[in-house]
Amino acid sequence: MAERLNVNPTRMELRNLKRRLSTAVKGHKMLKDKADEMVRRFVELAKENKRLREEIETDLAGALNAFMLARASSEDYIIEEAVAYPGASLTVKAEIDSIMSVPVPSIAIEKDESGDIFPYSFAQVTAQLDSSIVTVTELADKMVKLAQVEKSCNMLSIEIEKNRRRVNALEYVMIPMIEETIKYITMKLDENERSNTVRLMKVKTMLADK
């Protein structure tokens, strides 16, 4: 049996509790709907996270293989000089977005198209180094996107857990407690009504006997 609230068994309290129960039931439904939608969005982000991670790992493996071939074909100091200075600059803009009222990061990269991603002479290195640098440069967008998606997943999972606690508190504690209190007050009011009826009948009988 659920616990009940410590209130006076009056009709006013009964009306107040019925209003509270109606509000709690509506709030419970809204929170459950919100939880379902957050889970759906979380699943979408998790799938996107998995896809991006697999693509990045595959591309990075290819870039690393190309870089290793370039190192095998050239002197170490030539490779070091070739990659010592960046050929292009990137600007990262971070903002706050919202998913189901949950603040999540929104990150964008702006590339300086005026720069050259190859800050070295093509005669000094092999085509494998060019391929490796092109792949890594193109991966910048994906890696930033992956970081954004992973952080969004983390923040959504935290909010989903908080929302689940609220739903459970309403479903298994607050709503049963209010219902039990309403049941108790209704029973007490019915008992009082029956007692009053019995007293009135006795008074009527006494007056009739006189």
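Right above here is the structure, for reference.
Residues numbered from 1 in each chain as written. Predicted model: local features only at pLDDT ≥ 70, side-chain atom pairs only at ≥ 80, totals over all residues. Heavy atoms only, no water.

Ranked by size, the top nonpolar core spans 15 residues in total, and within it Leu5, Leu14, Leu17, Leu21, Ile178, Ile182 and Ile185 carry the most contacts. Here the element with the most residues in this core is helix 3 (residues 127-209); it accounts for nine residues. Leu52, Val102, Val149 and Cys153 belong to the second-largest nonpolar core, a separate cluster that totals 13 residues. (Core = buried A, V, L, I, M, F, W, Y, C linked by side-chain atoms within 4.5 Å. Buried < 20%, exposed > 50% of the residue type's maximum accessible area, 1.4 Å probe, protein only. Helix = DSSP H or I, 4+ residues; strand = E, 2+ residues; numbered from the N terminus.)

Attention now goes to the pattern of salt bridges. This model, assessed by the stated rule, comprises 13 salt bridges. In this structure, the salt-bridge partner of Glu159 is Arg166, at a minimum N-O distance of 3.6 Å. Given a relative accessible area of 39%, Arg166 falls into the partly exposed group. One network of salt bridges, with partners in common, ties together Glu48, Arg51, Glu55, Asp59 and Lys142. (Salt bridge = Lys/Arg side-chain N within 4 Å of Asp/Glu carboxyl O.)

Right, let's talk about the pairing of strand 2 (residues 102-111) for a bit. In terms of strand pairing, strand 1 (residues 90-99) meets strand 2 through ten bridges, oriented antiparallel. Looking across to strand 2, one finds that Lys93 is bridged to Ala108. Taken together, strand 1 and the strand that follows it, strand 2, pair antiparallel across an intervening segment of two residues, in which Met100 is found at a positive phi of about 55°. (Pairing = 2+ DSSP bridges.)

In this section: the side chain of Ser152. The topology assignment puts Ser152 in helix 3. With residues up to four places along the chain from it excluded, the contact list for Ser152 reads Leu45, Val104 and Pro105. (Contact = heavy atoms within 4.5 Å.)

Let us now look at unusual backbone geometry. With a phi close to 55°, Met100 is a non-glycine residue in the positive phi region. On the secondary structure map, Met100 appears in the loop between strand 1 and strand 2. Judged by relative accessible area, which is 26%, Met100 ranks as partly exposed. Positive phi is not limited to glycine here, since Ser101 has a value of about 70°. Locating Ser101 in the fold gives a position in the loop between strand 1 and strand 2. Here Ser101 falls in the exposed class, since its relative accessible area comes to 66%.

Before going further, it helps to spend a moment on the packing of aromatic side chains. Under the criterion given, the structure shown has zero aromatic pairs. Over the ring of Tyr184 we find Arg4; its NZ or CZ atom is 3.8 Å from the centre of that ring. (Phe/Tyr/Trp six-rings, centres within 6.5 Å; stacked < 30°, edge-to-face > 60°. Lys NZ or Arg CZ within 6 Å of the ring centre and 35° of its normal.)

What follows is about the environment of Ile96. Tracing the backbone shows Ile96 in strand 1. Residue class for Ile96 comes out exposed when judged on its relative accessible area of 67%. Separated by ten residues in the primary sequence, Ile96 and Ser106 place their C-alpha atoms 5.6 Å from one another. For Ile96, the residues in contact, after removing those within four places along its chain, are Pro103 and Val104.

Before going further, it helps to spend a moment on the environment of Asn49. Mapped onto the elements, Asn49 comes out in helix 1 (residues 11-73). Residues Asn49 and Leu146 lie 97 residues apart in sequence; the distance between their C-alpha atoms is 6.2 Å. Each residue touching Asn49, except ones within four places of it in the same chain, is listed here: Leu146, Val149 and Glu150.

Mapped onto the secondary structure, Glu159 falls in helix 3. On the basis of relative accessible area, Glu159 is assigned to the buried category, the value being 16%. When residues no more than four places from it in sequence are discounted, the contact partners of Glu159 are Lys34, Met38, Val102 and Arg166.

What is shown is where atoms sit, not what they do.
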